[in-house]
Amino acid sequence: MDKVMRLSSEKGVVIFSKSSCCLSYAVQVLFLDLGVSPKIHEIDKDPECREMEKALMRLGCSKPVPAVFIGGKLVGSTNEVMSMHLSSSLVPLVKPYIC
Amino acid sequence: MNTTSTHFVPPRRFEIYETTLNQVSMWEESFKNNGGIFTPNSIIIPTDAKLDSLSEDTSHGTPHKFDQEASTSRHPDKTQRRLAQNREAARKSRLRKKAYVQQLETSRLKLIHLEQELDRARQQGFYEGNRVDTNALGFSDKMSSGIVAFEMEYGHWVEEQNRQISELRTVLQGQVSDVELRLLVDNAMKHYFQLFRMKSAAAKIDVFYIMSGMWKTSAERFFMWIGGFRPSELLKVIDKLVFHPWLVLLPHFDPLMDQQVLDVCNLRQSCQQAEDAVSQGMEKLQHTLADSVAAGNLGEGSYIPQITCAMERLEALVSFVNQADHLRHETLQQMHRILTTRQAARGLLALGEYFQRLRALSSSWATRQREPT
(Lines give C-alpha, C1' and ligand atoms only; values in the text may rest on other atoms or scores of the structure.)
Protein backbone atom coordinates (compact mmCIF):
# COMPACT_ATOMS: atom_id res chain seq x y z
CA MET A 1 0.00 0.00 0.00
CA ASP A 2 2.80 2.38 0.92
CA LYS A 3 4.51 1.59 -2.32
CA VAL A 4 1.34 2.37 -4.22
CA MET A 5 0.83 5.65 -2.40
CA ARG A 6 4.45 6.61 -2.92
CA LEU A 7 4.43 5.77 -6.60
CA SER A 8 1.13 7.51 -7.18
CA SER A 9 2.59 10.86 -6.16
CA GLU A 10 5.73 10.51 -8.23
CA LYS A 11 4.26 12.48 -11.06
CA GLY A 12 1.18 14.53 -11.89
CA VAL A 13 -0.49 11.71 -13.74
CA VAL A 14 0.30 8.15 -12.73
CA ILE A 15 -1.21 5.04 -14.29
CA PHE A 16 -0.88 1.59 -12.76
CA SER A 17 -1.22 -0.96 -15.52
CA LYS A 18 -0.10 -4.38 -16.69
CA SER A 19 1.95 -5.02 -19.80
CA SER A 20 -0.85 -7.13 -21.23
CA CYS A 21 -3.65 -4.68 -20.38
CA CYS A 22 -4.88 -2.97 -23.52
CA LEU A 23 -7.42 -0.76 -21.77
CA SER A 24 -4.57 0.69 -19.72
CA TYR A 25 -2.90 1.42 -23.02
CA ALA A 26 -6.05 3.19 -24.24
CA VAL A 27 -6.06 5.39 -21.14
CA GLN A 28 -2.40 6.17 -21.69
CA VAL A 29 -3.09 7.16 -25.30
CA LEU A 30 -5.85 9.49 -24.16
CA PHE A 31 -3.60 11.36 -21.75
CA LEU A 32 -0.90 11.65 -24.40
CA ASP A 33 -3.52 13.11 -26.72
CA LEU A 34 -4.31 15.74 -24.09
CA GLY A 35 -0.65 16.75 -23.89
CA VAL A 36 0.13 14.92 -20.65
CA SER A 37 2.80 12.26 -20.39
CA PRO A 38 1.75 9.98 -17.55
CA LYS A 39 4.06 7.78 -15.52
CA ILE A 40 3.24 4.15 -16.20
CA HIS A 41 3.84 1.43 -13.61
CA GLU A 42 3.45 -2.05 -15.02
CA ILE A 43 2.72 -3.89 -11.81
CA ASP A 44 3.02 -7.31 -13.45
CA LYS A 45 6.72 -6.52 -13.86
CA ASP A 46 6.97 -5.61 -10.17
CA PRO A 47 7.92 -8.34 -7.67
CA GLU A 48 5.27 -7.05 -5.27
CA CYS A 49 2.51 -7.35 -7.89
CA ARG A 50 0.00 -9.23 -5.72
CA GLU A 51 0.29 -6.77 -2.83
CA MET A 52 -0.06 -3.81 -5.16
CA GLU A 53 -3.12 -5.36 -6.75
CA LYS A 54 -4.71 -5.84 -3.33
CA ALA A 55 -3.82 -2.29 -2.32
CA LEU A 56 -5.39 -0.83 -5.45
CA MET A 57 -8.56 -2.86 -4.93
CA ARG A 58 -8.70 -1.68 -1.31
CA LEU A 59 -8.53 1.92 -2.50
CA GLY A 60 -11.77 1.37 -4.31
CA CYS A 61 -10.89 0.16 -7.79
CA SER A 62 -13.20 -2.54 -9.12
CA LYS A 63 -10.30 -3.82 -11.18
CA PRO A 64 -6.67 -3.35 -10.14
CA VAL A 65 -5.68 -1.98 -13.54
CA PRO A 66 -5.79 0.53 -15.00
CA ALA A 67 -5.70 2.71 -11.89
CA VAL A 68 -5.30 6.41 -12.61
CA PHE A 69 -3.95 8.92 -10.09
CA ILE A 70 -3.96 12.64 -10.80
CA GLY A 71 -2.10 14.87 -8.37
CA GLY A 72 -1.61 11.88 -6.09
CA LYS A 73 -5.36 11.25 -5.81
CA LEU A 74 -7.12 8.22 -7.19
CA VAL A 75 -9.42 9.19 -10.05
CA GLY A 76 -10.52 5.67 -10.95
CA SER A 77 -10.32 3.24 -13.82
CA THR A 78 -11.13 3.49 -17.54
CA ASN A 79 -14.83 4.18 -16.96
CA GLU A 80 -14.19 7.10 -14.64
CA VAL A 81 -11.53 8.64 -16.86
CA MET A 82 -13.76 8.39 -19.94
CA SER A 83 -16.81 9.78 -18.12
CA MET A 84 -14.79 12.68 -16.82
CA HIS A 85 -13.37 13.45 -20.22
CA LEU A 86 -16.79 13.42 -21.91
CA SER A 87 -18.18 15.71 -19.22
CA SER A 88 -15.23 18.06 -19.78
CA SER A 89 -13.94 17.65 -16.24
CA LEU A 90 -10.74 15.79 -17.08
CA VAL A 91 -8.89 18.57 -18.91
CA PRO A 92 -9.11 21.09 -16.03
CA LEU A 93 -7.77 18.41 -13.70
CA VAL A 94 -4.70 17.67 -15.81
CA LYS A 95 -4.07 21.23 -16.92
CA PRO A 96 -1.26 21.83 -14.44
CA TYR A 97 0.53 18.76 -15.76
CA ILE A 98 0.40 19.53 -19.45
CA CYS A 99 3.90 19.80 -20.87
CA MET B 1 -44.09 -21.61 -47.16
CA ASN B 2 -47.79 -21.79 -46.54
CA THR B 3 -49.28 -24.61 -44.61
CA THR B 4 -52.16 -26.41 -46.26
CA SER B 5 -55.54 -25.84 -44.74
CA THR B 6 -57.31 -28.67 -43.10
CA HIS B 7 -60.59 -27.47 -44.49
CA PHE B 8 -61.38 -30.10 -47.05
CA VAL B 9 -63.75 -29.08 -49.77
CA PRO B 10 -67.01 -30.89 -48.97
CA PRO B 11 -67.61 -33.56 -51.55
CA ARG B 12 -69.95 -32.45 -54.23
CA ARG B 13 -72.87 -34.58 -55.10
CA PHE B 14 -72.42 -36.23 -58.43
CA GLU B 15 -72.71 -39.68 -59.84
CA ILE B 16 -69.67 -41.78 -59.32
CA TYR B 17 -70.61 -45.05 -60.81
CA GLU B 18 -69.31 -44.17 -64.20
CA THR B 19 -66.25 -42.35 -63.04
CA THR B 20 -65.29 -44.69 -60.22
CA LEU B 21 -62.87 -46.73 -62.29
CA ASN B 22 -61.13 -43.55 -63.35
CA GLN B 23 -60.80 -42.53 -59.74
CA VAL B 24 -59.20 -45.79 -58.74
CA SER B 25 -56.53 -45.35 -61.36
CA MET B 26 -56.04 -41.75 -60.18
CA TRP B 27 -55.35 -42.92 -56.66
CA GLU B 28 -52.97 -45.56 -57.84
CA GLU B 29 -51.13 -43.10 -59.97
CA SER B 30 -50.88 -40.62 -57.15
CA PHE B 31 -49.39 -43.24 -54.86
CA LYS B 32 -46.94 -44.42 -57.49
CA ASN B 33 -45.83 -40.92 -58.48
CA ASN B 34 -44.92 -40.07 -54.93
CA GLY B 35 -43.08 -43.30 -54.40
CA GLY B 36 -45.64 -44.41 -51.88
CA ILE B 37 -44.83 -41.52 -49.54
CA PHE B 38 -46.34 -38.10 -49.36
CA THR B 39 -43.85 -35.25 -49.56
CA PRO B 40 -44.86 -31.71 -48.56
CA ASN B 41 -45.14 -30.72 -52.21
CA SER B 42 -47.54 -33.44 -52.96
CA ILE B 43 -49.65 -32.32 -50.04
CA ILE B 44 -50.07 -28.82 -51.37
CA ILE B 45 -50.57 -29.37 -55.04
CA PRO B 46 -52.97 -32.25 -55.49
CA THR B 47 -55.11 -31.70 -52.39
CA ASP B 48 -57.96 -29.68 -53.79
CA ALA B 49 -57.97 -31.46 -57.10
CA LYS B 50 -58.06 -34.90 -55.52
CA LEU B 51 -60.53 -34.20 -52.78
CA ASP B 52 -62.90 -32.43 -55.08
CA SER B 53 -63.31 -35.60 -57.04
CA LEU B 54 -63.98 -37.73 -53.99
CA SER B 55 -67.34 -38.38 -52.57
CA GLU B 56 -68.90 -40.72 -50.08
CA ASP B 57 -71.35 -43.26 -51.21
CA THR B 58 -73.86 -41.99 -48.67
CA SER B 59 -73.94 -38.58 -50.27
CA HIS B 60 -75.93 -39.95 -53.11
CA GLY B 61 -79.59 -39.55 -52.67
CA THR B 62 -82.64 -40.34 -54.63
CA PRO B 63 -81.47 -39.31 -58.13
CA HIS B 64 -78.87 -42.03 -58.17
CA LYS B 65 -81.25 -44.72 -57.14
CA PHE B 66 -83.63 -43.59 -59.80
CA ASP B 67 -81.00 -44.14 -62.47
CA GLN B 68 -80.14 -47.50 -61.00
CA GLU B 69 -83.70 -48.65 -61.30
CA ALA B 70 -83.89 -47.43 -64.86
CA SER B 71 -80.94 -49.52 -66.07
CA THR B 72 -81.84 -52.63 -63.99
CA SER B 73 -85.00 -53.28 -65.89
CA ARG B 74 -83.25 -53.63 -69.25
CA HIS B 75 -80.24 -55.88 -68.51
CA PRO B 76 -80.56 -57.19 -64.98
CA ASP B 77 -77.48 -59.48 -64.86
CA LYS B 78 -75.13 -57.14 -66.52
CA THR B 79 -76.37 -54.31 -64.39
CA GLN B 80 -76.12 -56.36 -61.20
CA ARG B 81 -72.54 -57.28 -62.02
CA ARG B 82 -71.67 -53.74 -62.93
CA LEU B 83 -73.23 -52.47 -59.72
CA ALA B 84 -71.34 -55.02 -57.67
CA GLN B 85 -68.13 -54.02 -59.37
CA ASN B 86 -68.91 -50.41 -58.76
CA ARG B 87 -69.64 -51.03 -55.12
CA GLU B 88 -66.39 -52.89 -54.77
CA ALA B 89 -64.48 -50.16 -56.57
CA ALA B 90 -66.19 -47.52 -54.48
CA ARG B 91 -65.27 -49.37 -51.31
CA LYS B 92 -61.67 -49.64 -52.40
CA SER B 93 -61.71 -46.00 -53.34
CA ARG B 94 -63.02 -45.05 -49.92
CA LEU B 95 -60.33 -47.09 -48.23
CA ARG B 96 -57.69 -45.48 -50.36
CA LYS B 97 -59.10 -42.07 -49.62
CA LYS B 98 -59.00 -42.81 -45.92
CA ALA B 99 -55.40 -43.91 -46.15
CA TYR B 100 -54.53 -40.86 -48.24
CA VAL B 101 -56.20 -38.49 -45.82
CA GLN B 102 -54.39 -40.08 -42.92
CA GLN B 103 -51.10 -39.67 -44.71
CA LEU B 104 -52.02 -36.07 -45.44
CA GLU B 105 -52.69 -35.43 -41.78
CA THR B 106 -49.39 -36.95 -40.71
CA SER B 107 -47.48 -35.06 -43.34
CA ARG B 108 -49.21 -31.86 -42.39
CA LEU B 109 -48.21 -32.25 -38.78
CA LYS B 110 -44.68 -33.04 -39.90
CA LEU B 111 -44.68 -29.93 -42.07
CA ILE B 112 -45.76 -27.73 -39.17
CA HIS B 113 -43.06 -29.27 -37.03
CA LEU B 114 -40.43 -28.74 -39.73
CA GLU B 115 -41.49 -25.13 -40.19
CA GLN B 116 -41.12 -24.50 -36.50
CA GLU B 117 -37.68 -26.05 -36.54
CA LEU B 118 -36.77 -23.98 -39.57
CA ASP B 119 -37.87 -20.79 -37.85
CA ARG B 120 -35.83 -21.67 -34.83
CA ALA B 121 -32.86 -22.58 -36.98
CA ARG B 122 -33.22 -19.38 -38.97
CA GLN B 123 -33.09 -17.39 -35.79
CA GLN B 124 -29.95 -19.22 -34.83
CA GLY B 125 -28.92 -19.33 -38.46
CA PHE B 126 -26.91 -16.11 -38.48
CA TYR B 127 -25.25 -17.27 -35.35
CA GLU B 128 -24.57 -20.84 -36.41
CA GLY B 129 -23.74 -20.01 -40.02
CA ASN B 130 -20.94 -17.83 -38.80
CA ARG B 131 -19.45 -20.48 -36.62
CA VAL B 132 -17.26 -22.30 -39.08
CA ASP B 133 -15.14 -23.47 -36.19
CA THR B 134 -17.84 -25.46 -34.41
CA ASN B 135 -17.98 -29.15 -33.95
CA ALA B 136 -20.41 -31.19 -31.89
CA LEU B 137 -18.21 -30.77 -28.83
CA GLY B 138 -17.30 -27.12 -29.20
CA PHE B 139 -20.77 -25.76 -29.62
CA SER B 140 -22.34 -25.37 -26.23
CA ASP B 141 -26.11 -25.33 -25.92
CA LYS B 142 -25.94 -22.66 -23.25
CA MET B 143 -24.20 -20.28 -25.62
CA SER B 144 -26.65 -20.72 -28.42
CA SER B 145 -29.73 -20.44 -26.22
CA GLY B 146 -28.32 -17.29 -24.59
CA ILE B 147 -27.64 -15.76 -27.96
CA VAL B 148 -31.01 -16.81 -29.38
CA ALA B 149 -32.60 -15.16 -26.35
CA PHE B 150 -30.60 -12.01 -27.05
CA GLU B 151 -31.67 -11.98 -30.70
CA MET B 152 -35.31 -12.25 -29.72
CA GLU B 153 -34.96 -9.56 -27.09
CA TYR B 154 -33.24 -7.35 -29.64
CA GLY B 155 -36.12 -7.89 -32.06
CA HIS B 156 -38.50 -6.59 -29.40
CA TRP B 157 -36.12 -3.74 -28.68
CA VAL B 158 -36.21 -2.61 -32.31
CA GLU B 159 -40.01 -2.79 -32.37
CA GLU B 160 -40.23 -0.62 -29.27
CA GLN B 161 -37.62 1.72 -30.76
CA ASN B 162 -39.72 2.18 -33.89
CA ARG B 163 -42.79 2.84 -31.79
CA GLN B 164 -40.95 5.47 -29.75
CA ILE B 165 -39.64 7.17 -32.87
CA SER B 166 -43.11 7.37 -34.39
CA GLU B 167 -44.43 8.84 -31.19
CA LEU B 168 -41.67 11.45 -31.02
CA ARG B 169 -42.27 12.36 -34.64
CA THR B 170 -46.01 12.80 -34.16
CA VAL B 171 -45.67 14.70 -30.93
CA LEU B 172 -43.03 17.11 -32.23
CA GLN B 173 -45.19 18.01 -35.20
CA GLY B 174 -47.88 19.38 -32.94
CA GLN B 175 -48.25 20.99 -29.55
CA VAL B 176 -46.69 19.11 -26.69
CA SER B 177 -45.94 20.13 -23.14
CA ASP B 178 -42.39 20.07 -21.87
CA VAL B 179 -43.43 17.63 -19.18
CA GLU B 180 -44.74 15.10 -21.67
CA LEU B 181 -41.71 15.62 -23.87
CA ARG B 182 -39.36 15.05 -20.95
CA LEU B 183 -41.06 11.75 -20.26
CA LEU B 184 -40.60 10.66 -23.87
CA VAL B 185 -36.95 11.73 -23.84
CA ASP B 186 -36.30 9.89 -20.58
CA ASN B 187 -37.93 6.75 -21.96
CA ALA B 188 -35.84 6.96 -25.12
CA MET B 189 -32.65 7.31 -23.08
CA LYS B 190 -33.61 4.41 -20.81
CA HIS B 191 -34.31 2.34 -23.91
CA TYR B 192 -30.77 2.82 -25.18
CA PHE B 193 -29.35 2.03 -21.76
CA GLN B 194 -31.39 -1.15 -21.71
CA LEU B 195 -29.75 -2.19 -24.98
CA PHE B 196 -26.30 -1.68 -23.49
CA ARG B 197 -27.25 -3.92 -20.55
CA MET B 198 -28.53 -6.60 -22.94
CA LYS B 199 -25.33 -6.41 -24.95
CA SER B 200 -23.19 -6.64 -21.85
CA ALA B 201 -24.89 -9.88 -20.83
CA ALA B 202 -24.62 -11.27 -24.37
CA ALA B 203 -20.94 -10.29 -24.58
CA LYS B 204 -20.24 -12.40 -21.49
CA ILE B 205 -21.85 -15.36 -23.26
CA ASP B 206 -20.19 -14.89 -26.62
CA VAL B 207 -18.15 -11.76 -27.25
CA PHE B 208 -17.33 -12.75 -30.82
CA TYR B 209 -21.01 -12.78 -31.62
CA ILE B 210 -21.47 -9.22 -30.35
CA MET B 211 -18.35 -8.10 -32.20
CA SER B 212 -19.60 -9.68 -35.41
CA GLY B 213 -22.75 -7.58 -35.35
CA MET B 214 -24.74 -10.44 -36.87
CA TRP B 215 -27.73 -9.30 -34.84
CA LYS B 216 -27.78 -6.02 -36.78
CA THR B 217 -28.72 -5.38 -40.40
CA SER B 218 -26.00 -5.32 -43.03
CA ALA B 219 -25.73 -1.54 -43.42
CA GLU B 220 -25.54 -1.04 -39.67
CA ARG B 221 -22.83 -3.68 -39.56
CA PHE B 222 -20.84 -1.77 -42.17
CA PHE B 223 -20.58 1.22 -39.87
CA MET B 224 -19.92 -0.76 -36.71
CA TRP B 225 -17.27 0.11 -34.20
CA ILE B 226 -16.52 -2.37 -31.42
CA GLY B 227 -19.93 -3.95 -31.26
CA GLY B 228 -22.13 -0.93 -32.02
CA PHE B 229 -22.43 2.55 -33.47
CA ARG B 230 -19.63 5.08 -33.14
CA PRO B 231 -20.28 7.60 -30.35
CA SER B 232 -19.07 10.34 -32.70
CA GLU B 233 -21.73 9.18 -35.19
CA LEU B 234 -24.34 10.12 -32.64
CA LEU B 235 -23.02 13.66 -32.50
CA LYS B 236 -22.88 13.96 -36.29
CA VAL B 237 -26.59 13.28 -36.36
CA ILE B 238 -27.42 16.09 -33.96
CA ASP B 239 -25.11 18.37 -35.93
CA LYS B 240 -28.11 19.31 -38.03
CA LEU B 241 -29.80 20.70 -34.96
CA VAL B 242 -26.89 22.96 -34.37
CA PHE B 243 -25.75 24.22 -37.70
CA HIS B 244 -28.62 24.19 -40.15
CA PRO B 245 -30.41 27.52 -40.64
CA TRP B 246 -33.45 25.95 -42.30
CA LEU B 247 -34.46 24.63 -38.91
CA VAL B 248 -35.79 28.11 -38.17
CA LEU B 249 -38.81 27.13 -40.21
CA LEU B 250 -39.75 24.33 -37.86
CA PRO B 251 -42.45 24.98 -35.28
CA HIS B 252 -41.29 25.62 -31.73
CA PHE B 253 -37.74 25.92 -32.91
CA ASP B 254 -35.41 26.80 -30.10
CA PRO B 255 -31.93 27.43 -31.38
CA LEU B 256 -28.91 26.40 -29.38
CA MET B 257 -27.47 29.09 -27.20
CA ASP B 258 -23.84 30.03 -27.59
CA GLN B 259 -22.88 28.10 -24.47
CA GLN B 260 -24.65 25.05 -25.80
CA VAL B 261 -22.87 25.30 -29.12
CA LEU B 262 -19.58 25.51 -27.24
CA ASP B 263 -20.48 22.53 -25.09
CA VAL B 264 -21.44 20.47 -28.13
CA CYS B 265 -18.12 21.33 -29.79
CA ASN B 266 -16.24 20.31 -26.67
CA LEU B 267 -18.24 17.09 -26.45
CA ARG B 268 -17.51 16.30 -30.06
CA GLN B 269 -13.79 16.76 -29.49
CA SER B 270 -13.58 14.73 -26.28
CA CYS B 271 -15.78 12.04 -27.79
CA GLN B 272 -13.43 11.74 -30.74
CA GLN B 273 -10.41 11.60 -28.44
CA ALA B 274 -11.97 8.91 -26.27
CA GLU B 275 -12.96 6.93 -29.36
CA ASP B 276 -9.43 7.18 -30.79
CA ALA B 277 -7.88 6.06 -27.51
CA VAL B 278 -10.14 3.01 -27.25
CA SER B 279 -9.57 2.23 -30.96
CA GLN B 280 -5.82 2.19 -30.38
CA GLY B 281 -6.33 -0.04 -27.36
CA MET B 282 -8.32 -2.43 -29.59
CA GLU B 283 -5.53 -2.47 -32.14
CA LYS B 284 -3.08 -3.38 -29.44
CA LEU B 285 -5.41 -6.16 -28.30
CA GLN B 286 -5.57 -7.53 -31.84
CA HIS B 287 -1.79 -7.49 -32.10
CA THR B 288 -1.24 -9.21 -28.75
CA LEU B 289 -3.93 -11.78 -29.54
CA ALA B 290 -2.37 -12.54 -32.92
CA ASP B 291 1.02 -12.79 -31.26
CA SER B 292 -0.34 -15.24 -28.69
CA VAL B 293 -1.89 -17.42 -31.38
CA ALA B 294 1.27 -17.36 -33.52
CA ALA B 295 3.70 -17.85 -30.63
CA GLY B 296 6.18 -20.69 -30.72
CA ASN B 297 6.81 -22.88 -33.73
CA LEU B 298 4.05 -22.84 -36.29
CA GLY B 299 3.66 -26.15 -38.03
CA GLU B 300 4.43 -28.71 -35.36
CA GLY B 301 0.79 -29.37 -34.68
CA SER B 302 0.81 -28.90 -30.91
CA TYR B 303 -0.48 -25.58 -29.69
CA ILE B 304 -2.44 -25.99 -26.50
CA PRO B 305 -0.38 -23.41 -24.53
CA GLN B 306 -0.88 -20.86 -27.29
CA ILE B 307 -4.63 -21.40 -27.25
CA THR B 308 -4.67 -21.13 -23.46
CA CYS B 309 -2.78 -17.85 -23.58
CA ALA B 310 -5.02 -16.52 -26.36
CA MET B 311 -8.10 -17.41 -24.33
CA GLU B 312 -6.84 -15.23 -21.50
CA ARG B 313 -6.29 -12.35 -23.90
CA LEU B 314 -9.78 -12.80 -25.31
CA GLU B 315 -11.30 -12.01 -21.93
CA ALA B 316 -10.09 -8.46 -22.49
CA LEU B 317 -12.34 -8.21 -25.54
CA VAL B 318 -15.37 -8.28 -23.28
CA SER B 319 -13.96 -5.26 -21.41
CA PHE B 320 -13.55 -3.43 -24.70
CA VAL B 321 -17.12 -4.07 -25.79
CA ASN B 322 -18.26 -2.82 -22.40
CA GLN B 323 -16.02 0.24 -22.65
CA ALA B 324 -17.34 1.05 -26.13
CA ASP B 325 -20.90 0.86 -24.79
CA HIS B 326 -19.83 3.01 -21.85
CA LEU B 327 -18.70 5.68 -24.33
CA ARG B 328 -22.05 5.44 -26.13
CA HIS B 329 -23.86 5.70 -22.80
CA GLU B 330 -21.86 8.72 -21.64
CA THR B 331 -22.12 10.51 -24.98
CA LEU B 332 -25.91 10.13 -24.89
CA GLN B 333 -25.94 11.29 -21.29
CA GLN B 334 -23.88 14.39 -22.08
CA MET B 335 -26.00 15.25 -25.07
CA HIS B 336 -29.04 15.02 -22.80
CA ARG B 337 -27.34 17.32 -20.31
CA ILE B 338 -26.34 19.98 -22.83
CA LEU B 339 -29.58 20.17 -24.79
CA THR B 340 -32.98 21.37 -23.68
CA THR B 341 -35.78 18.80 -23.50
CA ARG B 342 -37.16 19.87 -26.85
CA GLN B 343 -33.75 19.84 -28.51
CA ALA B 344 -32.97 16.45 -26.99
CA ALA B 345 -36.29 15.11 -28.29
CA ARG B 346 -35.44 16.27 -31.78
CA GLY B 347 -31.94 14.85 -31.44
CA LEU B 348 -33.22 11.45 -30.34
CA LEU B 349 -35.74 11.45 -33.18
CA ALA B 350 -32.96 12.25 -35.64
CA LEU B 351 -30.77 9.48 -34.21
CA GLY B 352 -33.58 6.94 -34.22
CA GLU B 353 -34.55 7.74 -37.77
CA TYR B 354 -30.94 7.53 -38.88
CA PHE B 355 -30.83 3.92 -37.70
CA GLN B 356 -34.21 3.24 -39.30
CA ARG B 357 -32.83 4.50 -42.60
CA LEU B 358 -29.80 2.24 -42.26
CA ARG B 359 -32.11 -0.72 -41.67
CA ALA B 360 -34.21 0.30 -44.67
CA LEU B 361 -31.05 0.55 -46.76
CA SER B 362 -30.13 -2.97 -45.71
CA SER B 363 -33.44 -4.46 -46.84
CA SER B 364 -33.48 -2.46 -50.07
CA TRP B 365 -30.03 -3.67 -50.88
CA ALA B 366 -30.87 -7.26 -50.04
CA THR B 367 -33.98 -7.13 -52.23
CA ARG B 368 -32.07 -5.56 -55.09
CA GLN B 369 -29.51 -8.32 -55.08
CA ARG B 370 -32.16 -11.00 -55.25
CA GLU B 371 -33.67 -9.70 -58.47
CA PRO B 372 -32.68 -11.88 -61.44
CA THR B 373 -30.57 -10.09 -64.04
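Calculation notes
Residues numbered from 1 in each chain as written. Chains lettered and ligands numbered in written order. Predicted model: local features only at pLDDT ≥ 70, side-chain atom pairs only at ≥ 80, totals over all residues. Heavy atoms only, no water. Helix = DSSP H or I, 4+ residues; strand = E, 2+ residues; numbered from the N terminus. Contact = heavy atoms within 4.5 Å. Buried < 20%, exposed > 50% of the residue type's maximum accessible area, 1.4 Å probe, protein only. Areas by Shrake-Rupley, 256 points an atom, 1.4 Å probe, with all protein chains shown as cover. Buried area = accessible area lost by both parts, 1.4 Å probe. Salt bridge = Lys/Arg side-chain N within 4 Å of Asp/Glu carboxyl O. Core = buried A, V, L, I, M, F, W, Y, C linked by side-chain atoms within 4.5 Å. Phe/Tyr/Trp six-rings, centres within 6.5 Å; stacked < 30°, edge-to-face > 60°. Patch = residues over 30% accessible without salt bridge, like charges linked within 9 Å, V, L, I, M, F, W, Y side chains within 5 Å. pLDDT = per-residue confidence, 0-100. Pairing = 2+ DSSP bridges. Axes fitted to C-alpha atoms, helices over the stretch in contact; angles between N-to-C directions. Parallel < 35°, antiparallel > 145°, perpendicular 65-115°, else oblique. Left-handed = near helix turned anticlockwise from the far one by under 90°. Nonpolar A, V, L, I, M, F, W, Y, C, P; charged D, E, K, R; others polar.

1. Observations regarding the overall build of chain A
- Looking only at helices and strands, chain A has 5 helices and 4 strands in total.
- Partitioning the contacts of chain A with sequence separation of at least 6, the portion at a separation of at least 24 is 63%.

2. Quick notes on the overall build of chain B
- Counting secondary structure elements, chain B contains 13 helices and 0 strands.
- In chain B, the succession of helices and strands from N to C terminus is α-α-α-α-α-α-α-α-α-α-α-α-α.
- Looking at chain B as a whole, 39% of its 373 residues qualify as buried.
- Counted over contacts in chain B with a minimum sequence separation of 6, partners at least 24 positions apart contribute 80%.
- In the form shown here, chain B has an accessible surface area of approximately 22,300 Å², with 56% of it arising from carbon and sulfur atoms.

3. As for the interface of chain A and chain B
- Each partner contributes residues to the interface: chain A has 19 residues there, and chain B has 22 residues.
- Both sides together, the interface formed by chain A and chain B hides about 1,800 Å², and carbon and sulfur atoms give 64% of it.
- When the buried area of chain A at its contact with chain B is split by residue, A:Cys22, A:Leu23 and A:Leu86 rank highest and sum to 35% of it.
- Taken together, chain A and chain B are joined by 0 salt bridges.

4. Focus on the nonpolar core
- Counting 95 residues, the largest nonpolar core has A:Phe16, A:Phe31, B:Tyr192, B:Leu332 and B:Leu348 as the members making the most contacts within it.
- No other element matches the 12 residues that helix α7 (residues 178–205) of chain B contributes to this core.
- Setting aside its immediate chain neighbours within four residues, B:Leu348 contacts B:Leu168, B:Val185, B:Ala188, B:Met189, B:Tyr192, B:Leu332 and B:Met335.

5. Let's talk about the side chain of B:Thr331
- Its place among the elements puts B:Thr331 in helix α12 (residues 304–338).
- Those residues in contact with B:Thr331 that lie beyond four places of it in its chain are A:Leu86, B:Pro231, B:Leu234, B:Leu235, B:Leu267 and B:Cys271.

6. A closer look at helix α4 (residues 78–86) of chain A
- Along α4(A), 7 of the 9 residues are buried, which leaves the element largely enclosed by surrounding structure.
- Every buried residue belonging to α4(A) is among A:Thr78, A:Val81, A:Met82, A:Ser83, A:Met84, A:His85 and A:Leu86, and all of these are buried.
- Where α4(A) is buried, its residues contact α2 (22–33), β3 (67–70), β4 (73–76) and α5 (90–94) of chain A together with α11 (258–294) and α12 of chain B.
- Within two residues after α4(A), A:Ser88 carries a phi angle of roughly 65 degrees, on the positive side.

7. Observations concerning the packing of aromatic side chains
Residue and element names in this part refer to chain B.
- As enumerated under the stated definition, the model contains 11 aromatic pairs over all chains in all.
- Considering the side-chain rings of Phe222 and Phe223, the 5.0 Å spacing of their centres and the 75 degrees angle between planes classify their relative orientation as edge-to-face.
- By relative accessible area, which is 67% here, Phe222 ends up exposed.
- Residue class for Phe223 comes out partly exposed when judged on its relative accessible area of 39%.
- An angle of 55 degrees between the planes, with centres 5.8 Å apart, marks the rings of Tyr354 and Phe355 as tilted.
- Residue class for Phe355 comes out buried when judged on its relative accessible area of 9%.
- Clustering of aromatic rings is evident, with ring pairs tying together Phe150, Tyr154, Trp157, Tyr192, Tyr209 and Trp215.

8. Observations regarding a nonpolar patch on the surface
All names here are of chain A.
- A grouping of Met1, Met5 and Leu59 is seen on the molecular surface, where their side chains present a nonpolar patch of about 220 Å² in accessible area.
- Its location among the elements puts Met1 in the segment before α1 (2–8).
- Classification of Met1 as partly exposed rests on a relative accessible area of 34%.

9. Overview of the confidence of the model for chain B
All names here are of chain B.
- Here chain B averages 79 in pLDDT, and 69% of its residues register 70 or above.
- Below pLDDT 50 for its whole length, residues 35–66 participates in 51 contacts with residues either more than four positions away or in separate chains.
- Confidence estimates for the predicted assembly give a pTM of 0.69 and an ipTM of 0.95.

10. A few points about the sheet that holds β4(A)
All names here are of chain A.
- The 4 strands are arranged β2-β1-β3-β4 in an open sheet whose pairing can be described as mixed. Both edges of this open sheet fall to β2 (39–42) and β4, since each of them pairs with a single strand only. Within this sheet the neighbouring strands show an average axis-to-axis angle of 25 degrees, counted without direction.
- Inspection of the sheet shows strand β1 (residues 13–17) paired to β3 by 4 bridges, in the antiparallel sense. Residue pairing across strands places Val13 opposite Ile70, the latter belonging to β3.

11. A closer look at the packing of α2(A) against α4(A)
Residue and element names in this part refer to chain A.
- At a closest axis distance of 10 Å, the pairing of α2 and α4 adopts a crossing angle of 30 degrees. By the angle between their axes, α2 is roughly parallel relative to α4. In the crossing of α2 with α4, the sense of the turn from one axis to the other is left-handed. Seen from α2, the contacting residues are Leu23, Val27, Leu30 and Phe31; seen from α4, they are Thr78, Val81, Met82 and His85.
- Classifying every residue of the contact of α2 with α4 gives 6 nonpolar, 2 polar and no charged.

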